[in-house]
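Letter by letter, the chains look like this.
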Amino acid sequence: MKKVITYGTFDLLHWGHINLLKRAKDLGDYLIVAISTDEFNALKDKKAYHSFENRKMILESIRYVDEVIPENKWEQKREDIIREGVDIFVMGDDWKGKFDELSEVCDVVYLPRTIGISTSQIKDDLLQVTNG
Ligand code: C2G
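Bear in mind the structure is a predicted one, so any value in this text is a computation, not a measurement. (Residues numbered from 1 in each chain as written. Predicted model: local features only at pLDDT ≥ 70, side-chain atom pairs only at ≥ 80, totals over all residues. Heavy atoms only, no water.)

Details of the site of the ligand
Our working rule: Distances are taken per atom, and a residue is near a molecule or strand as soon as one of its heavy atoms is within 4 Å of it. Working definition of accessibility: Shrake-Rupley area with a 1.4 Å probe, residue cover restricted to the visible protein chains. Put simply, DSSP marks the helices as runs of H or I at least four residues long and the strands as runs of E at least two long, and each gets a number from the N terminus on. Basically, the charged four are Asp, Glu, Lys and Arg, the nonpolar ten are Ala, Val, Leu, Ile, Met, Phe, Trp, Tyr, Cys and Pro, and anything else, Gly included, counts as polar.
Taken together, 21 residues form the shell around the ligand, and within it Phe10, Lys46, Glu71, Asp94 and Ile117 come nearest. For the ligand, the accessible surface in isolation is 640 Å², of which the surrounding protein chains cover 96%. Looking at the shell around the ligand element by element, the count peaks at three residues for helix α1 (residues 15-26). The residue inventory of the shell around the ligand, partitioned by class, reads seven nonpolar, eight polar and six charged.

If you want it as structure tokens, here you go:
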């Protein structure tokens, strides 16, 4: 069984996230998503609209996702990959090059980011609507 892992906040889930998750799953048989905790998001200077528990519940309902684990710190990736027996590490290519050292323990794949949608864009657009 080929295991794939990816990491992210996945707040205000949108079709760009789903595109990523689908393509990640298509690379193997089992997809683990490490979802950023609220505390880790603070380190990323991100404030998610949905709490960790709710973002976890949403991701667990997606057909492409087989398991969700917490992402508490930048440095956990290598130990996650070894512990879970992961074959492929996947991220959107806005992260291209940032995690190449993981190729020592698994394949590293950066997938083209979906253009035209992002969580921050959703927030901005909603603000526009609200402010008229
Ligand atoms: N993504 C994408 N296309 C978009 C938006 C996001 O492919 N239009 C991808 C990102 O490249 C990332 C994943 O979806 O691989 C999750 O995106 P975020 O929730 O924004 O995650 P991020 O803040 O990039 O956190 O340790 C890694 C970090 O936790 C990644």
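Some details on the pattern of salt bridges
To keep it simple, the criterion reads: By convention in these notes, a salt bridge is any Lys or Arg side-chain nitrogen within 4 Å of a carboxyl oxygen on Asp or Glu. The classification of residues rests on relative accessible area computed with a 1.4 Å probe and restricted to protein chains. Under 20% of the type maximum is buried, over 50% is exposed, and intermediate values are partly exposed.
Counting across every chain of the model gives nine salt bridges. In this structure, the salt-bridge partner of arginine 78 is glutamate 104, at a minimum N-O distance of 2.9 Å. Of this pair, arginine 78 sits in helix α4 (residues 77-84) while glutamate 104 sits in the loop between β4 (88-92) and β5 (107-111), and the two are 26 residues apart along the sequence. Given the relative accessible area of 60%, glutamate 104 is considered exposed. Within the structure, one salt-bridge network assembled from shared partners comprises Asp80, Arg83 and Glu84.

Some points on the sheet that holds β5
What counts, and what does not: Here, any two strands with at least 2 DSSP bridges between them count as paired. Each axis is a line fitted through C-alpha atoms, and for a helix only the stretch in contact is used; angles between axes span 0 to 180 degrees, taken between their N-to-C directions. Contact criterion: two residues are considered in contact whenever any of their non-hydrogen atoms come within 4.5 Å of each other.
A sheet is described by the order of its strands in space; here five strands give the open sequence β3-β2-β1-β4-β5, paired in parallel fashion. Unpaired on one side and paired on the other, β3 (67-71) and β5 mark the two borders of the sheet. Each strand axis lies, on average, 25° off the axis of its neighbour in the sheet, ignoring direction. Sheet analysis places strand β2 (residues 30-36) next to β3, joined by five bridges and oriented parallel. Along β3, the bridge assignment pairs serine 36 with glutamate 71. Contacts from α1 reach β1 (3-8), β2, β4 and β5, with the element oriented near 140° to β2.

Section: the side chain of threonine 9
Positionally, threonine 9 belongs in the loop between β1 and α1. For threonine 9, the residues in contact, after removing those within four places along its chain, are Ile35, Ser36, Asn41, Lys44, Lys46, Ala48 and Arg55.

Here's the deal with the environment of phenylalanine 99
Relative to the elements of secondary structure, phenylalanine 99 occurs in the loop between β4 and β5. In this structure phenylalanine 99 comes out as buried when scored by relative accessible area, which is 7%. On a C-alpha basis, the gap between phenylalanine 99 and lysine 77 in space is 9.1 Å, while along the polypeptide they are 22 residues apart. Excluding its chain neighbours within four sequence positions, the residues that come into contact with phenylalanine 99 are Trp74, Lys77, Phe89, Met91, Val108 and Tyr110.

A closer look at the nonpolar core
Cut-off, in case you're wondering: What is meant by a nonpolar core is a set of buried Ala, Val, Leu, Ile, Met, Phe, Trp, Tyr and Cys residues, joined one to another through side-chain atoms within 4.5 Å.
In terms of nonpolar packing, the biggest core is built from 17 residues, with Leu21, Leu31, Val33, Leu59, Val65 and Val90 touching the most fellow members. Listed by contribution, the elements that provide at least two residues to this core are α1, β2, α3 (52-60) and β4. Among residues more than four places away in sequence, those in contact with valine 65 are Leu21, Leu31, Val33 and Leu59. Core analysis: the second largest hydrophobic core is formed by 14 residues, Ala34, Ile69, Phe89 and Leu102 among them.

Regarding the packing of aromatic side chains
Aromatic rings in a pair are described by how distant their centres are and how their planes are angled relative to each other. Test applied: Each Phe, Tyr or Trp ring, with Trp reduced to its six-membered ring, pairs with another whose centre is within 6.5 Å; inter-plane angles below 30 degrees give stacked pairs, above 60 give edge-to-face pairs, and intermediate values give tilted ones.
Counting across every chain of the model gives five aromatic pairs. Consider the rings of phenylalanine 40 and tryptophan 74, whose centres lie 5.0 Å apart with planes at 75°: the pair is edge-to-face. One end of the pair, phenylalanine 40, is in helix α2 (residues 38-43); the other, tryptophan 74, is in the loop between β3 and α4, with 34 residues separating them in the sequence. Judged by relative accessible area, which is 0%, phenylalanine 40 ranks as buried. Tryptophan 74 gets classed as partly exposed once you look at its relative accessible area, which sits at 35%. Between the aromatic rings of phenylalanine 89 and phenylalanine 99, the centroid separation amounts to 5.3 Å while the plane-to-plane angle is 70°, which identifies the pairing as edge-to-face. Here the residue phenylalanine 89 occupies a position in strand β4, and phenylalanine 99 occupies one in the loop between β4 and β5, the gap between them amounting to 10 residues. An aromatic cluster is present here, built from Tyr7, Phe40, Trp74, Phe89, Trp95 and Phe99 joined pairwise through their rings.

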